[in-house]
Amino acid sequence: MSFKKTALRGLAIAVAGSLALTACGSDGGSGDGGNVTLKFTWWGGDERASRYEQAIKLFEDENPGIKVQTSFAAFPDYWTQRSTDATSGELPDVFQMDASRLLEYAGSGLLGGFDDYAGNQLDTSQIDAELLSSGEANGELVAIPTGTNTLALMYNPDLIEELGLEIPDWDYTWDEYFAFLSEVSAAGADHSPRVYGANDPTMVWWLFMQHLVQQGVEPFSETGELNFTEDDMREFIDSAASLRSPDDQIFPAERVEQLDPLGGFTNGEAVMEFHWDNFIHNYSHDLDSDNVQLMPIPTGADGQKHMFFKPTMQLSMGANTKHPEEAALLVDFLINSPEAGAIIGTDLGVPASAERLDALEIEPGSLDERVIEYQQRARDEGYMTATVPFQPEGFGAVETEYVEVLAKEFDFRQIDTDTFVQRWFSEAGNHLVR
């Protein structure tokens, strides 16, 4: 099936309309001449790096007076590096921003504003106003969204078939999901290498956010206050307790460590993994298979999924840049250029720019088509009924504490649920701005 441009435009409008997003100059050169070097960095894997590098080459060809130095890192390392850059006053001219860190960086005066360049070097008219507002902080536009995404369950149909099993249908519940993980782990016990269902889903921060939304809870207030309790977090973590005992049916932490930088799913030793839908590109690349499929999150207790769209990621410029006009030109190219879009596809989400979305040529059976079809079907099925949770200043720090610190200790069975919850709430008190 191929998508017509009008269908793509309709999807973009529908996605943007479902978002309820809130986010609380430098001396420059000229893009008309001279030799300017911009530093541009992002998080992601080799597949994203390849796409960006090809797009950057096109940008340099069209702007011979501008050279772009590129770099990238995995998500946790990326933010460690940006923290070092911020301390030394040497943030890149252009860098990927995440809504979870936006208020932190903007509130510290680390981001350059785009308002002076909108309509000139940077065309923002192609982005839905509500989606564009996700990049505002303190009344100033400091981040430009690249696209939209939503949570998905990636699965490996070839491996599932090899085990003699069938994936649940789209209306599956959390109980059915846990039951399927048990079936996979049992069927894969004699497989070489052994196959498991997945990593521990309760150690995924955004699944906890989604769980709260399914309970009718807006996780954070706009002043950074928690709208959930220790019992809420404990209940979520303990929902997978049956998979941990008496025999552990969750992909083992020791094996995760051995496989790094791959994981159980991308090494063909787990059949599924939750992530944002646009990550299908990285999964397909690492697994070396085009047959990675998408399905929605499990249905909540009320029979609804309460899914939401969010900005995939954003592009910002450091307040310290000496070349804000050229930086804005680079952002404009990466956001709006149909040529760049043909290279990047949906790796950065379903494109935010209507012009680029209209120009996107979707190959039948491609990963790009899979992402767009997935979002369209989730909308048509009535799953997209919630709004993305507000991400207050400090959100990124408490997410990191959950995923990078406590989850690793929990996965190695070094701490129990009570300790996990107590330590997270203690750290949240230190990081969240109230």
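- Looking up the protein chain in an unreviewed UniProt entry gives the name ABC transporter substrate-binding protein, with the organism given as Streptomyces carpaticus.

### A short note on the nonpolar core
- Among the nonpolar cores identified, the biggest contains 78 residues, and Tyr177, Trp205, Met233 and Trp424 are the most heavily contacted of them.
- Considering every element that reaches this core, the biggest residue donor is helix H8 (residues 205-214), with seven residues.
- Setting aside anything within four residues of it in sequence, one finds tryptophan 424 in contact with Trp205, Leu226, Phe228, Met233, Val398, Glu401, Tyr402 and Leu406.
- Ile66, Val68, Ala106 and Leu122 belong to the second largest nonpolar core, which has 51 residues in total.

### Let's talk about the confidence of the model for the protein chain
- Confidence in the prediction for the protein chain averages 91 pLDDT; 91% of positions are at 70 or higher.
- Considering only residues more than four positions removed or in separate chains, one finds that residues 1-18, a stretch of pLDDT under 50, has 34 contacts.
- Counted against residues more than four places away or in other chains, residues 20-33, with its pLDDT under 50, gives 41 contacts.

### Comments concerning the packing of aromatic side chains
- A full pass over the atoms with the stated rule returns 39 aromatic pairs.
- Between tryptophan 205 and tryptophan 424, the aromatic rings sit 5.7 Å apart at their centres with planes inclined by 35°, giving tilted as the arrangement. Separated by 219 residues along the polypeptide, tryptophan 205 in helix H8 and tryptophan 424 in helix H18 (residues 417-431) bring together distant segments of the chain. For the pair tryptophan 205 and tryptophan 424, one class covers both residues: buried.
- For the pair phenylalanine 208 and phenylalanine 228, a centre-to-centre distance of 5.3 Å together with 90° between the ring planes defines the contact as edge-to-face. Separated by 20 residues along the polypeptide, phenylalanine 208 in helix H8 and phenylalanine 228 in the loop between H8 and helix H9 (230-238) bring together distant segments of the chain.
- On the accessibility criterion, phenylalanine 228 (4% relative accessible area) is buried.
- Here arginine 48 stacks its cationic end above the ring of phenylalanine 279, 5.5 Å away from the centre of that ring.

### Structural notes on the pairing of strand E3 (residues 94-97)
- Summarising the sheet, strand E1 (residues 36-43) and E3 pair through two bridges and their orientation is parallel. In the strand pairing of E3, threonine 41 is matched with phenylalanine 95.
- Across three bridges, E3 lies against strand E12 (residues 314-316) in antiparallel orientation. When the bridges of E12 are listed, methionine 97 appears paired with glutamine 314.

Conventions and cut-offs
Residues numbered from 1 in each chain as written. Predicted model: local features only at pLDDT ≥ 70, side-chain atom pairs only at ≥ 80, totals over all residues. Heavy atoms only, no water. Core = buried A, V, L, I, M, F, W, Y, C linked by side-chain atoms within 4.5 Å. Buried < 20%, exposed > 50% of the residue type's maximum accessible area, 1.4 Å probe, protein only. Helix = DSSP H or I, 4+ residues; strand = E, 2+ residues; numbered from the N terminus. Contact = heavy atoms within 4.5 Å. pLDDT = per-residue confidence, 0-100. Phe/Tyr/Trp six-rings, centres within 6.5 Å; stacked < 30°, edge-to-face > 60°. Lys NZ or Arg CZ within 6 Å of the ring centre and 35° of its normal. Pairing = 2+ DSSP bridges.

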